[in-house]
Amino acid sequence: MDFLQLAADRYSVRSFSPKAIPRKELEKILRAGQLAPTAVNYQPQKIYVLQSKEALATIRALTRFTYDAPVVLLCCADLSKACHSPAEPGYNTGEMDVSIVCTQMMLEA
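Described in the following lines is the structure provided in the data block. (Residues numbered from 1 in each chain as written. Predicted model: local features only at pLDDT ≥ 70, side-chain atom pairs only at ≥ 80, totals over all residues. Heavy atoms only, no water.)

**Looking at the pattern of salt bridges**
Where we set the bar: Salt bridges are counted wherever a side-chain nitrogen of Lys or Arg sits within 4 Å of a carboxyl oxygen of Asp or Glu. In this text, helices come from DSSP runs of H or I with a minimum length of four residues, and strands from runs of E with a minimum of two, each type numbered from the N-terminal end. Burial classes: relative accessible area under 20% of the type maximum marks a residue as buried, over 50% as exposed, and values in between as partly exposed (1.4 Å probe, protein chains only).
Per the stated rule, a full pass over the model turns up 2 salt bridges. Measuring nitrogen to oxygen at the nearest pair gives 3.1 Å for the salt bridge that ties Glu27 to Arg23. Within this pair, Glu27 and its partner Arg23 are both found in helix α2 (residues 23–34), separated by 4 residues, close to a single helical turn. On the basis of relative accessibility, which here comes to 65%, the residue Arg23 falls in the exposed class. Among the salt bridges present, the one from Lys28 reaches Glu108, with a minimum N-O distance of 3.7 Å. Note that Lys28 is positioned in helix α2 and Glu108 in helix α4 (residues 94–108), a separation of 80 residues in sequence.

What follows is the structure, given as structure tokens:
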């Protein structure tokens with residue numbers, strides 16, 4: 001499948017089966033995130049795989065946008081590891097880097 005077909009076929013999901021994601025599939029999704037480009041290849045992303053009842057209850061208490069998925073990937077940026085622009089004081093690439101990581105993981109999923 002070429003990329004434009006993939007982009008055209010992509011869709012949003014807000015209803016999930018309670019069935020667990022097979023470990024190999026989850027590993028492929030996480031690997032896609034590892035391979036994502038980041039500024040200066042600093043890789044500031046932290047990806048937390050939430051799947052225990054306790055972890056899911058905690059994230060669901062914070063946001064309603066988990067849509068009862070059996071696994072939630074919590075994607076964060078360690079700003080101390082992000083690229084800090086010498087040309088733009090105070091600017092770092094953490095949010096942009098994690099957005100790219102999330103995009104690649106979503107496309108793999």
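**Let's talk about the state of the cysteines**
Basically, it comes down to this: The criterion for a disulfide is a pair of cysteine sulfur atoms lying within 2.5 Å.
Under the defined criterion, the tally for this structure stands at 0 disulfides. Left unpaired, Cys75 is separated from the closest cysteine sulfur, that of Cys102, by 3.5 Å. Free of any disulfide, Cys76 has its nearest cysteine sulfur in Cys75, 7.2 Å distant.

**Considering α4**
As a reminder, the rule being used: By definition here, a helix of n residues has an expected span of 1.5 Å times n minus one. Throughout, the arc means the angular range of directions from the helix axis out to the C-beta atoms.
A rise of 1.5 Å per residue sets the reference length of α4, with its 15 residues, at 21 Å; its end C-alpha atoms lie 21 Å apart and thus fit the reference within 8%. Those residues of α4 that sit buried are Gly94, Asp97, Val98, Val101 and Met105. Looking down the long axis of α4, one finds its buried residues gathered within 95° of arc, a one-sided arrangement. Opposite the buried face of α4, at more than 90 degrees from it, the exposed residues are Glu95 and Met106.

**Observations regarding the side chain of Thr66**
How we decide: Two N or O atoms count as a polar contact when they lie within 3.5 Å, although within protein this holds only if one can serve as hydrogen donor and the other as acceptor, and sequence-adjacent residues are included solely when both atoms are side-chain atoms. In this description, contact between two residues means that some pair of their heavy atoms is separated by no more than 4.5 Å.
Tracing the backbone through its elements, the reader meets Thr66 in the loop between α3 (53–62) and β2 (72–77). Within the local environment of Thr66, its side chain forms a polar contact with the side chain of Arg60, the two groups lying 3.1 Å apart. Not counting residues within four places of it along the chain, the set of residues in contact with Thr66 comprises Phe16, Ile59, Arg60 and Val72.

**What to know about unusual backbone geometry**
Backbone geometry at Val40 places phi at a positive 55°, although glycine is not the residue there. As for its placement among the helices and strands, Val40 is situated in the loop between α2 and β1 (45–50). A positive phi angle is found at Asn41, which is not glycine, with a value near 55°. By secondary structure assignment, the location of Asn41 is in the loop between α2 and β1. Accessibility expressed as a relative area gives 54% for Asn41, which makes it exposed.

**Overview of the environment of Ser99**
The topology assignment puts Ser99 in helix α4. Under the relative-accessibility criterion, Ser99 is labelled partly exposed at 43%. It is 9.7 Å that separates the C-alpha atoms of Ser99 and Thr38, two residues lying 61 residues apart in sequence. Engagement of the side chain of Ser99 in a polar contact is seen with the backbone oxygen of Glu95, the distance being 2.9 Å.

Function-wise, these values are silent; they only describe arrangement.
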